[in-house]
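Examination of the molecular architecture
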Amino acid sequence: MATCGEARGCQRVLYWIPVLFIALIVAWSYYAYVLQLCIVIYLLVYHVVFIMFVWAYWQTIFTKPMNPLKEFHLSYSDKELLEREDRGESQQEILRRIAKDLPIYTRTNSGAIRFCDRCQLLKPDRCHHCSVCDKCILKMDHHCPWVNNCVGFSNYKFFMLFLAYSLLYCLFITATDLKYFIKFWLNGLPDTQAKFHILFLFFSASMFSVSLASLFIYHCWLVCKNRSTLEAVRAPVFRHGTDKNGFSLGFSKNFRQVFGDEVKYWPVPLFSRESVLLESEIDFVISKVSTHMYEYQFKLKVLFFYRT
């Protein structure tokens, strides 16, 4: 009988199947376009888009999700104290005492402190536990099987660029392959295997374009509203109550919170958000908490973002 570790290992291997599928599709599309269609002018543009697409996809897959700092984890003594209490309200009193020194403003639907039993930590705002990764992820958006990774604070920009460049990649192939697709049906292509690659290349690129366009538009809307997919489904709960726009700082700052402050880095799959996050989070702190806490919260935000 397989052990729990072996079963978990097999499960992790299975998680890579969607990534392998995408990799094979991309490799075949490269072969079909470059070796079968092979038009020099198109190839120059194609390779620029292809490189940016693969780069963004790679970054989305292999950028490790960021986890809460040790400041949010319970100490050994706090764990023992929490375990000794069997009543929910008594446990909440302990968690509230710990949370008062941390920049945590969101609550559960019942108004309780957000606590992860699995990771034994107080969840920072916008942090959620991923059952697939088996860890808490900062600013978690969702777990994406197509990249076998959690999309969150550390790689959301890469995920957005992956959607953008993959959509551009599919649209470019569809547009440049269209006239050859028409010729196929008019029997205007030489009778070689290339014409079948051209046919399926057009079909696959156009179909992926539709699904990618809808997903990309949806995530653009999320960026503009400064919401994650999880927050769009269920609005975050603050001390003062539910607020679906509780993290919104206005379109400009919402966008820069994901893509960074310098325009030249926006189209490049590189992490470039530290200074912007500090500015945005300071604005959030000013609007959500009393001013006498401002200096402490600012110091903790600096510690939080620069140490990650």
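Residues numbered from 1 in each chain as written. Predicted model: local features only at pLDDT ≥ 70, side-chain atom pairs only at ≥ 80, totals over all residues. Heavy atoms only, no water.

**Comments concerning the overall build of the chain**
To keep things clear, this is the line we draw: Strands are runs of DSSP state E lasting at least 2 residues, helices are runs of H or I lasting at least 4, and numbering of each runs from the N terminus. Throughout, exposure labels follow a simple rule: accessible area from a 1.4 Å probe, protein chains only, divided by the maximum for the residue type, with under 20% read as buried, over 50% as exposed, and the rest as partly exposed. When checking whether two residues touch, look at their non-hydrogen atoms; a contact exists if any pair is within 4.5 Å. Under the convention used here, a 1.4 Å probe and the Shrake-Rupley method define accessible areas, while residue burial counts only the protein chains that appear.
Of regular secondary structure, the chain possesses eleven helices and nine strands. Every one of the 308 residues in the chain was classed for burial, and the buried ones make up 47%. A separation threshold of at least 6 residues defines the contact pool for the chain, and within that pool the share at least 24 residues apart is 61%. Of the accessible surface of the chain, which amounts to about 16,600 Å², a share of 65% is contributed by carbon and sulfur atoms.

**Looking at the UniProt feature "transmembrane region" (unreviewed entry) in the chain**
Condition: UniProt positions are given in the numbering used here, feature names are shortened, and annotations may be inferred rather than shown by experiment.
In the numbering used here, UniProt assigns the "transmembrane region" (unreviewed entry) feature to residues 12–33, 39–58, 158–176 and 196–218. Across residues 12–33, helical content stands at 95% and strand content at 0%; the span's end C-alpha atoms are separated by 33 Å. Here residues 196–218 runs as 100% helix and 0% strand, with 34 Å between its end C-alpha atoms.

**Notes on the packing of helix α6 (residues 156–185) against helix α7 (residues 194–225)**
The cut-off we apply is this: Convention adopted: a line fitted to C-alpha atoms gives each axis, helices being fitted over their contacting stretch, and angles between N-to-C directions are expressed from 0 to 180 degrees. Helix crossings fall into two classes, left-handed where the near helix is turned counterclockwise from the far one by less than a right angle and right-handed where it is turned clockwise. For this classification, the nonpolar set comprises Ala, Val, Leu, Ile, Met, Phe, Trp, Tyr, Cys and Pro, the charged set comprises Asp, Glu, Lys and Arg, and every other residue, Gly included, is treated as polar.
At a closest axis distance of 7 Å, the pairing of α6 and α7 adopts a crossing angle of 145 degrees. The hand of the α6/α7 crossing is left-handed. The class makeup of the residues in the contact of α6 with α7 is 28 nonpolar, five polar and two charged.

**Focus on unusual backbone geometry**
The backbone phi angle of R126 is positive, close to 70 degrees, even though this residue is not glycine. Note on placement: R126 falls in the loop between β3 (121–122) and β4 (128–130). Residue classification places R126 among the buried positions, given a relative accessible area of 8%. Of note in this structure, K139 is not a glycine but carries a positive phi near 45 degrees. Structurally, the position occupied by K139 is in the loop between β5 (135–137) and β6 (142–144).

**Here we look at α7**
Our working rule: Between the first and last residue of a helix there are one fewer steps than residues, each counted as 1.5 Å, and that sum is the expected span.
In this model, α7 (32 residues) spans 46 Å end to end at C-alpha, consistent with the 46 Å of a helix rising 1.5 Å per residue. Positive backbone phi, approximately 55 degrees, marks N226, located one or two places after α7.

**A short note on the environment of Y31**
Structurally, Y31 can be placed in helix α2 (residues 17–37). Along the primary structure Y31 and H197 are separated by 166 residues, whereas in three dimensions their C-alpha atoms are 9.0 Å apart.

**Comments concerning the side chain of H142**
The condition is simple: Two N or O atoms count as a polar contact when they lie within 3.5 Å, although within protein this holds only if one can serve as hydrogen donor and the other as acceptor, and sequence-adjacent residues are included solely when both atoms are side-chain atoms.
Tracing the sequence through the fold places H142 in strand β6. H142 gets classed as buried once you look at its relative accessible area, which sits at 18%. Side-chain polar atoms of H142 contact the side chain of D141, separated by 2.5 Å. What H142 contacts, discounting residues up to four positions off in sequence, is N149, C150, V151, F159, H219 and T229.

**Topic: the sheet that holds strand β8 (residues 237–238)**
Put simply, the rule is: Note on pairing: DSSP must find at least two bridges between two strands before they are called paired.
Spatial ordering of the open sheet is given by β1-β8-β9, a layout of three strands whose pairing is antiparallel. Two strands lie at the open edges of the sheet, namely β1 (106–107) and β9 (241–242), each paired on one side alone. When β8 meets β9, the two strands line up antiparallel, connected through two bridges. Bridged to F238 within β9 is G241.

**Here we look at the nonpolar core**
Inside soluble globular proteins, nonpolar side chains tend to come together where they are buried. The condition is simple: Buried residues of nine kinds, namely Ala, Val, Leu, Ile, Met, Phe, Trp, Tyr and Cys, make up a nonpolar core once their side-chain atoms join them within 4.5 Å.
Judged by nonpolar contacts, the single largest core of 37 residues is most densely connected at Y46, Y156 and F162. Elements with a contribution of two residues or more to this core: α2, α3 (40–62), α6, α7 and α9 (251–259). By residue number, the principal contributor to this core is α6, which donates twelve residues. In contact with Y156, not counting residues within four places along its chain, are D141, V151, H219, L222, V223 and V258. Core analysis: the second largest hydrophobic core is formed by 13 residues, L69, L82, I94 and I98 among them.

**Some thoughts on a nonpolar patch on the surface**
Quick note on the threshold: Candidates for patches are residues over 30% relative accessible area with no salt bridge; among them, like charges are joined within 9 Å and nonpolar side chains (Val, Leu, Ile, Met, Phe, Trp, Tyr) within 5 Å. Whenever a carboxyl oxygen of Asp or Glu lies within 4 Å of a side-chain nitrogen of Lys or Arg, that contact is scored as a salt bridge.
Where nonpolar side chains cluster on the molecular surface, the patch consists of W185, F196, F200, F203 and M207 and spans about 580 Å² of accessible area. Considering every element that reaches the nonpolar patch, the biggest residue donor is α7, with four residues. With respect to the secondary-structure elements, F200 resides in helix α7.

**Some remarks on the state of the cysteines**
Working definition: the covalent bond between the sulfur atoms of two cysteines is a disulfide. Convention followed: Disulfide assignment relies on a single distance test, namely cysteine sulfur atoms paired within 2.5 Å.
Under the counting rule described, the total for this entry stands at zero disulfides. No disulfide involves C150; its sulfur sits 3.2 Å from that of C130, the nearest cysteine. Residue classification places C150 among the buried residues on the basis of a relative accessible area of 0%.

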